[in-house]
Protein chains: 2
Amino acid sequence: MAMTTATRTKNSTAVTRVDTEWLGRYLLGTWADVRLKARDLAALPELQRVEGQSVAEHRATVFGQLKILVEHRGVLRAFPKSLGGDDDHGGNIAGFEELVTADPSLQIKSGVQWGLFGAAVLHLGTERHHETLLPDIMSLAVPGAFAMTETGHGSDVASIGTTATYDEETAEFVIDTPFRGAWKDYLGNGAQHGTAAVLFAQLITRGTNHGVHAFYVPLRDESGTFLPGVGGDDDGLKGGLNGIDNGRLHFTAVRIPRTNLLNRYGDVAPDGGYTSSIASPGRRFFTMLGTLVQGRVSLDGASVAAAKIALAIAVRYGNERRQFNAASDIDEEVLLDYRLHQHRLMPLLATTYAASFAHEQLLTKFDGVFSGAHDTDADRQDLETLAAALKPLSTWHALDTLQEAREACGGAGFLAENRLTGLRADLDVYATFEGDNHVLLQLVAKRLLTDYARRFKAADVGSLARYAVGQAAGMTVNGTGLRSLAQNVSDLGSTARQVGHLRDEATQRELLAGRVEAMVADVAGRLRPAAKAAKAEGARLFNENQVAVIEAARAHAELLQWEAFTEALTGIADDDTRKVLTWLRDLFGLGLIHKHLAWYLINGRLSPKRASSVEPYIDRLVARLRSHAQDLVDSFGYRPEHIRAAIATGAEAARQSEARDYYAAQAASGTAPAAEKSPPRA
Amino acid sequence: MAMTTATRTKNSTAVTRVDTEWLGRYLLGTWADVRLKARDLAALPELQRVEGQSVAEHRATVFGQLKILVEHRGVLRAFPKSLGGDDDHGGNIAGFEELVTADPSLQIKSGVQWGLFGAAVLHLGTERHHETLLPDIMSLAVPGAFAMTETGHGSDVASIGTTATYDEETAEFVIDTPFRGAWKDYLGNGAQHGTAAVLFAQLITRGTNHGVHAFYVPLRDESGTFLPGVGGDDDGLKGGLNGIDNGRLHFTAVRIPRTNLLNRYGDVAPDGGYTSSIASPGRRFFTMLGTLVQGRVSLDGASVAAAKIALAIAVRYGNERRQFNAASDIDEEVLLDYRLHQHRLMPLLATTYAASFAHEQLLTKFDGVFSGAHDTDADRQDLETLAAALKPLSTWHALDTLQEAREACGGAGFLAENRLTGLRADLDVYATFEGDNHVLLQLVAKRLLTDYARRFKAADVGSLARYAVGQAAGMTVNGTGLRSLAQNVSDLGSTARQVGHLRDEATQRELLAGRVEAMVADVAGRLRPAAKAAKAEGARLFNENQVAVIEAARAHAELLQWEAFTEALTGIADDDTRKVLTWLRDLFGLGLIHKHLAWYLINGRLSPKRASSVEPYIDRLVARLRSHAQDLVDSFGYRPEHIRAAIATGAEAARQSEARDYYAAQAASGTAPAAEKSPPRA
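None of these values were measured; they are calculated from a predicted model. (Residues numbered from 1 in each chain as written. Chains lettered and ligands numbered in written order. Predicted model: local features only at pLDDT ≥ 70, side-chain atom pairs only at ≥ 80, totals over all residues.)

**Here we look at the relation of the copies chain B and chain A**
Consideration 1: Take chain B, turn it by 180°, move it 0.0 Å along the axis, and it overlays chain A with an RMSD of 0.0 Å. Both copies of the chain, as the preceding transformation shows, are related through a two-fold rotation axis. Identified as the residue of chain B closest to the rotation axis by C-alpha distance is B:Ala598, at 2.1 Å.
Consideration 2: A high fraction, 100%, of the interface residues of chain B reappear at the interface in chain A, so the copies pair face to face through one surface. (Least-squares fit on C-alpha atoms with pLDDT ≥ 70 in both. Contact = placed C-beta atoms within 7 Å.)

**Remarks on unusual backbone geometry**
In terms of backbone geometry, most residues other than glycine have negative phi values and most peptide bonds are trans.
All names here are of chain B.
Consideration 1: Positive phi is not limited to glycine here, since Asn-189 has a value of about 70°.
Consideration 2: Following the sequence through the fold, Asn-189 ends up in the loop between strand S6 (184–187) and strand S7 (196–205).
Consideration 3: You can call Asn-189 buried: it has 27 C-beta atoms within 10 Å. (Helix = DSSP H or I, 4+ residues; strand = E, 2+ residues; numbered from the N terminus. Buried ≥ 20, exposed ≤ 12 C-beta atoms within 10 Å, placed from the backbone.)

**Observations regarding the interface of chain B and chain A**
Consideration 1: Residue-level contacts link 84 residues of chain B with 84 residues of chain A.
Consideration 2: At 6 residues, helix H17 (residues 535–544) of chain B tops the list of elements feeding residues into the side of chain B that touches chain A.
Consideration 3: A per-class count over the side of chain B that touches chain A returns 37 nonpolar, 31 polar and 16 charged.
Consideration 4: Examined bridge by bridge, strand S8 (residues 208–218) of chain A and strand S14 (residues 674–675) of chain B share 2 bridges and lie parallel to one another. In the strand pairing of S14(B), A:Thr208 is matched with B:Ala674. (Nonpolar A, V, L, I, M, F, W, Y, C, P; charged D, E, K, R; others polar. Pairing = 2+ DSSP bridges.)

**Considering the nonpolar core**
Consideration 1: Counting residues in each nonpolar core, the largest one holds 400 residues, and the members touching the most others are A:Ile313 and B:Ile313.
Consideration 2: Ranked by residue count, the leading element in this core is helix H9 (residues 339–371) of chain B, at 16 residues.
Consideration 3: A:Ile313 has contacts with A:Ala405, A:Asn418, A:Arg419, A:Leu420, A:Ile643, A:Ala645, A:Ile647 and A:Ala648, leaving out every residue within four places of it along the chain. (Core = buried A, V, L, I, M, F, W, Y, C linked by C-beta atoms within 7 Å.)

**Examining the packing of helix H16 (residues 505–532) of chain A against helix H17 (residues 535–544) of chain A**
When two helices pack together, their arrangement is given by the angle between the helix axes and the distance between those axes.
Residue and element names in this part refer to chain A.
Consideration 1: Look at H16 against H17: their axes get within 8 Å of each other, and the N-to-C directions meet at 165°. By the angle class used here, H16 and H17 are roughly antiparallel. Here H16 runs over H17; the crossing is left-handed. Every residue of H17 that contacts H16 at Leu-527, Pro-529 and Ala-530 is listed here: Gly-538, Leu-541 and Phe-542.
Consideration 2: Of the residues belonging to the contact of H16 with H17, the class tally is 5 nonpolar, 1 polar and no charged. (Axes fitted to C-alpha atoms, helices over the stretch in contact; angles between N-to-C directions. Parallel < 35°, antiparallel > 145°, perpendicular 65-115°, else oblique. Left-handed = near helix turned anticlockwise from the far one by under 90°.)

**Let's talk about the environment of A:Leu237**
Consideration 1: Tracing the backbone shows A:Leu237 in the loop between strand S9 (230–234) and strand S10 (247–251).
Consideration 2: With 222 residues separating them along the chain, A:Leu237 and A:Val15 place their C-alpha atoms 53 Å apart.
Consideration 3: Among all residues touching A:Leu237, those that are not within four sequence positions of it are A:Val55, A:Asn242, B:Glu51, B:Gly52 and B:Ala416.

**A few points about the sheet that holds S6(B)**
Residue and element names in this part refer to chain B.
Consideration 1: In space, the 3 strands of this open sheet follow the order S6-S10-S9, with antiparallel pairing throughout. In this open sheet, the two edge strands, each paired with only one partner strand, are S6 and strand S9 (230–234). Taking each pair of neighbouring strands and ignoring which way they run, the sheet shows an average axis angle of 25°.
Consideration 2: As paired strands, S9 and strand S10 (residues 247–251) are joined by 5 bridges and run antiparallel to one another. Bridge assignment links Asp-234 to a residue of S10, and that residue is Gly-247.

**A short note on the environment of B:Arg344**
All names here are of chain B.
Consideration 1: Positionally, Arg-344 belongs in helix H9.
Consideration 2: Judged by the 21 C-beta atoms lying within 10 Å of it, Arg-344 falls in the buried class.
Consideration 3: Here the alpha-carbon distance between Arg-344 and Thr-225, two residues 119 residues apart in the chain, equals 52 Å.
Consideration 4: Apart from residues lying up to four places away in sequence, Arg-344 is in contact with Glu-404 and Ala-408.

**Some points on the sheet that holds strand S6 (residues 184–187) of chain A**
Residue and element names in this part refer to chain A.
Consideration 1: Reading across the sheet, the 3 strands line up as S6-S10-S9 and stay open at both edges, with antiparallel pairing between neighbours. The sheet is open, and its two edges are formed by S6 and S9, each paired on a single side. Taken pair by pair, the neighbouring strands of this sheet meet at an average axis angle of 25°, ignoring direction.

**Concerning helix H4 (residues 89–98) of chain B**
Residues and elements named next belong to chain B.
Consideration 1: Most of H4 sits out of view: 10 of its 10 residues are buried.
Consideration 2: Looking only at H4, the buried set comprises His-89, Gly-90, Gly-91, Asn-92, Ile-93, Ala-94, Gly-95, Phe-96, Glu-97 and Glu-98.
Consideration 3: Check the buried side of H4 and you find it contacts helix H2 (32–42), helix H5 (104–124), helix H8 (294–318) and H9.

**Observations concerning the domain arrangement of chain A**
Where the parts come together, the accessible area they lose is often given as the size of the interface.
Residues and elements named next belong to chain A.
Consideration 1: Per the domain assignment, the segments making up chain A are domain 1 (22–138), domain 2 (147–290), domain 3 (294–437) and domain 4 (440–627).
Consideration 2: Centre-to-centre separation of domain 2 and domain 3, based on C-alpha positions: 35 Å.
Consideration 3: Residues belonging to the side of domain 2 that touches domain 3 are distributed by class as follows: 1 nonpolar, 5 polar and no charged. (Domains from an automatic or database assignment.)

**Remarks on helix H6 (residues 127–138) of chain A**
Residue and element names in this part refer to chain A.
Consideration 1: Between its first and last C-alpha atoms H6 spans 15 Å; for 12 residues at 1.5 Å apiece the expected length is 16 Å, and the two agree.
Consideration 2: Listed as buried for H6 are His-129, Leu-133, Leu-134, Ile-137 and Met-138. For H6, the angular spread of buried residues about the axis comes to 125°, placing them on one side.
Consideration 3: Within two residues after H6, Leu-140 carries a phi angle of roughly 70°, on the positive side. (Expected span 1.5 Å × (residues − 1). Arc of directions from axis to C-beta.)

The structure is reproduced here in structure tokens:
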């Protein structure tokens with residue numbers, strides 16, 4: 001058991017200690033063994049980022065690394081056992097996420113190959129595709145692109161312009177790019193390595209457009225030359241992830257066999273007749289896209305991992321670096337002794353723990369659905385909502401954490417050798433790909449509003465009106481959707497005032513869940529006229545309330561993180577560890593309440609007196625957690641081979657001792673120059 | 001007069017228009033002609049960043065560009081007329097700032113050469129140094145480093161370890177680096193190009209350390225080889241600014257002539273006697289460092305310029321890019337029609353205007369001091385405070401704006417060809433160099449607390465106690481220090497409630513200034529025991545209040561920006577332009593009030609009812625300003641050669657038209673495929 005640092009609490013002479021070894025294992029979660037194996041892989045120098053490579057070198061390196069991953073069977077867990085995989089969906093993502101510590105380009109490039117290109121064949125194709133296509137995809141014999149996004153359409157996939165028109169005479173689909181905006185764009189493996197693609201296009205047969213479907217389309221021959229009718233462009237240098245060859249593609253009358261349609265959810269007979277197991281084109285579209293949720297799941301996990309690395313660097317450095325000697329003449333303070341420095345890093349640490357526990361829930365949900373163990377419509381909806389809620393928060397959180405860590409390490413943080421700027425540059429795009437964060441939050445809001453409407457299907461107008469002014473019945477909605485509180489919302493204001501203890505779990509829950517509920521009710525009330533309005537008028541109304549809609553979704557996502565953290569506390573047996581983690585959860589919860597304090601005050605949920613106690617209480621928590629900071633980042637379990645920052649190796653502590661020893665020796669020998677005396681004050 | 005877009009206000013059928021040409025000129029400020037000339041320079045392709053260069057290529061390119069700047073006399077305005085300069089300090093900085101649009105590496109590398117290395121010789125040296133050293137510095141015959149920061153000490157310059165010990169026998173200073181932490185670090189021109197340095201070291205003579213002084217020290221011979229006793233290291237790849245060769249230097253018994261001491265504020269006679277015109281070592285140190293304030297001034301201005309470029313890109317793209325068709329079946333919305341998109345960009349636009357006007361005040365103050373026109377102690381203090389207040393806000397604002405613009409442009413924003421990621425990577429370090437932002441804010445807080453204490457020098461204990469509970473006399477402090485309100489703070493709560501109009505300038509001022517005053521009073525009250533406490537206890541007390549101290553300083557800096565924006569409004573003659581800019585100022589002011597709304601509520605400065613009107617009013621302002629967004633970024637006056645983003649060239653609009661034309665032609669010809677019909681609802 002590692003016991004390195006400690007706090008003494010006021011009422012006890014006993015020392016509180018985090019059991020870092022146990023906590024480390026706990027954080028690894030359900031797929032601990034897979035994660036440890038993946039971390040061993042990520043610790044291999046040949047899989048790690050070489051800073052300063054040119055784009056061409058970096059691309060070549062990462063492509064070579066994919067082959068190493070294949071050799072280590074590090075990336076094929078999700079594929080069928082019959083083809084050499086493990087049918088292990090959760091484990092697959094868990095392992096994949098850990099690759100971010102080696103190089104985010106490696107993570108995303110392998111994600112393109114096996115998580116998007118391969119997974120699309122797996123989930124949207126049928127047996128004939130699995131047998132003929134998957135082996136070469138798995139082995140990387142066929143590197144491929146996932147050709148969905150177009151220059152003109154990213155998040156709005158339903159409106160893409162590429163067409164696949166069925167030609168009955170030849171039993172082929174003809175792929176066309178009708179205008180520049182319909183070029184496929186930002187495709188990993190698109191600029192260089194991809195010899196095939198899963199291409200999304202409007203399926204047209206017998207004069208009818210059946211909406212977006214996926215097709216398997218060869219792109220290049222073995223020499224890398226485009227096949228006839230295919231053309232493209234290199235996206236060139238990017239803000240990060242330059243180990244990936246993102247590019248653009250366009251198609252002119254490119255013919256593929258009818259059977260290249262990935263036909264799990266929709267098929268075209270030789271005579272051009274269209275059939276689908278899902279009657280509604282809208283539902284079919286969302287079902288097909290739903291199979292791709294794993295991209296969001298894995299970005300959520302990779303972002304948490306990157307935030308952990310950032311804090312491992314900044315906390316270690318903050319515990320070694322000294323600057324200014326305010327309190328004594330001998331030693332300067334280490335940075336983390338400064339209250340401001342604590343306030344910069346500790347809340348980020350709390351959020352990282354929240355995001356980590358929330359991700360474990362998401363991954364479990366994902367595995368349940370994809371393994372078939374829990375695969376109802378409700379499960380799938382919950383998974384969609386959870387992924388759409390958590391991915392925005394964790395990707396933004398990773399960027400915020402990397403940036404704060406960078407600044408907290410000063411000029412050293414800006415050097416590539418300390419990794420913070422490189423990771424931040426790479427993770428930047430996580431906020432907008434695999435679903436733009438704001439668009440995802442709108443999805444969450446849609447779910448919340450649907451839940452809300454459902455709750456009142458049978459309710460009379462009177463109760464709805466009461467709701468609109470801030471009262472609610474005690475009906476509970478499970479899953480990841482809208483929460484309902486045990487008691488009436490109308491009681492809440494006084495409840496919160498009476499409870500008196502902001503550190504009380506129930507109080508935090510009431511405040512956070514009550515806010516979501518009230519915001520959704522408020523927005524729903526304002527949107528009610530939209531239901532009966534003309535389309536343009538409804539859109540106008542929705543647009544006017546868009547900011548409130550997003551804010552409600554964000555509040556809900558924060559609640560989900562808080563709930564995950566809180567639930568995780570129940571699994572901690574060791575009293576000390578649970579105590580420290582409870583402080584950390586409180587810091588997270590009170591941080592959220594503090595962020596939205598004006599809302600609580602305006603809506604009478606907190607009195608000014610109670611509200612004014614939030615900041616001092618946060619301050620106390622931060623100070624109390626300071627001595628556990630190193631344990632809390634050590635528990636992440638990343639080794640020096642994963643962290644790889646020159647300033648987080650003990651080098652700074654060594655420099656500090658050397659300097660201290662120099663001055664001590666000088667003082668002892670009597671050779672130290674005297675300080676110039678200040679003149680007497682006038 | 002350019003009149004491109006317009007709003008109709010509720011009570012008028014007249015159209016409100018921004019006079020972009022006039023506003024553009026107004027924004028250029030006092031040194032408009034210099035800025036325009038510098039923009040012409042920055043528009044030259046040979047001075048612009050070539051994306052994708054290796055570090056070695058980029059360094060060589062930028063070094064070559066410095067020579068072009070010399071040829072164009074673009075960077076020598078601050079030097080004496082006798083040596084071929086203009087003695088124009090404000091103009092020099094104005095021109096220098098504009099270079100950021102060509103390449104931030106070029107801006108900072110020229111800043112190192114002429115703004116730090118050259119300026120240190122100018123301001124810390126005396127005539128003999130000017131005559132012998134400046135000509136070669138100005139011409140770039142001697143590229144030099146500014147060797148102040150050490151690996152072990154950044155912001156705490158007084159504690160650097162490098163020593164310069166005077167040897168009476170040879171009349172030389174002996175430069176030594178006593179330990180690894182005392183290596184000079186992060187020095188531009190340090191890794192490669194610098195053949196000399198202005199080096200900061202502890203001056204020791206006759207056994208006494210007289211504190212940090214600056215010395216002129218040759219580093220390399222003409223072949224680039226280190227001179228005897230000098231060694232160093234390359235800082236390698238950085239998060240940005242890779243056109244600059246940052247490096248580390250160390251010195252072992254390096255001897256320089258006595259006359260290489262830059263002796264304006266302190267000198268050593270041949271016999272080793274030390275003399276200084278400033279008796280107090282502390283004051284002497286701050287006077288020497290004070291001459292270097294121009295670095296902060298110029299970073300403030302360059303950050304404003306970068307934010308302008310970011311918004312010029314994102315607003316243009318937001319006005320052309322279409323996505324989702326919520327409101328009609330024909331056309332998708334342009335992004336900027338979405339309320340959320342407006343809320344993401346318009347407040348940043350308002351802050352950019354505030355920062356721009358505030359920078360103009362800072363530059364004017366700087367010019368007054370450095371030209372000698374207004375160069376009292378109070379002026380210098382005001383300049384220090386203003387620079388320390390504005391530089392943190394503007395550098396962080398630039399990063400926030402570049403990031404939001406990047407995300408608002410989606411995947412396209414991540415491509416290097418659209419410049420947002422590159423600019424952000426380069427500007428990242430602006431937040432921590434030339435004074436770490438948090439350290440600067442502490443400087444501001446120190447000034448505020450000093451002003452506060454001075455105010456009560458003659459006051460009795462009773463009045464001080466009253467102050468501590470939130471009441472204040474009506475004494476006004478001028479300059480950039482602590483504000484006092486015209487009436488008693490105790491009236492404020494009710495005043496704000498009564499005034500009723502948050503858009504009222506006086507109300508905004510009262511709320512913003514009142515908050516600063518109350519926060520400073522609060523912190524001062526909490527720090528009072530520190531004055532009589534032992535050093536360690538005083539430090540502990542200060543540390544416990546550090547977050548509040550920084551927050552007060554930040555509030556003060558925000559107030560300074562708001563005041564600058566408000567003062568700028570008085571210079572706008574055109575009614576329409578003033579009206580739109582007033583909305584923008586209101587958006588800025590209410591944005592600040594919204595950010596701190598909980599404080600206003602807790603402290604009774606705003607009633608819950610009044611507070612709840614802030615968000616809706618911001619919403620109205622954002623909507624009202626939307627149609628002026630393009631004019632407001634066009635007024636920045638940056639040309640395509642400065643903006644250089646592929647998505648801000650009209651290319652997106654052309655793609656959108658092409659797509660629309662395609663669908664229109666298809667519809668007209670009757671060849672459009674029919675949409676699959678949804679099945680009847682069950």
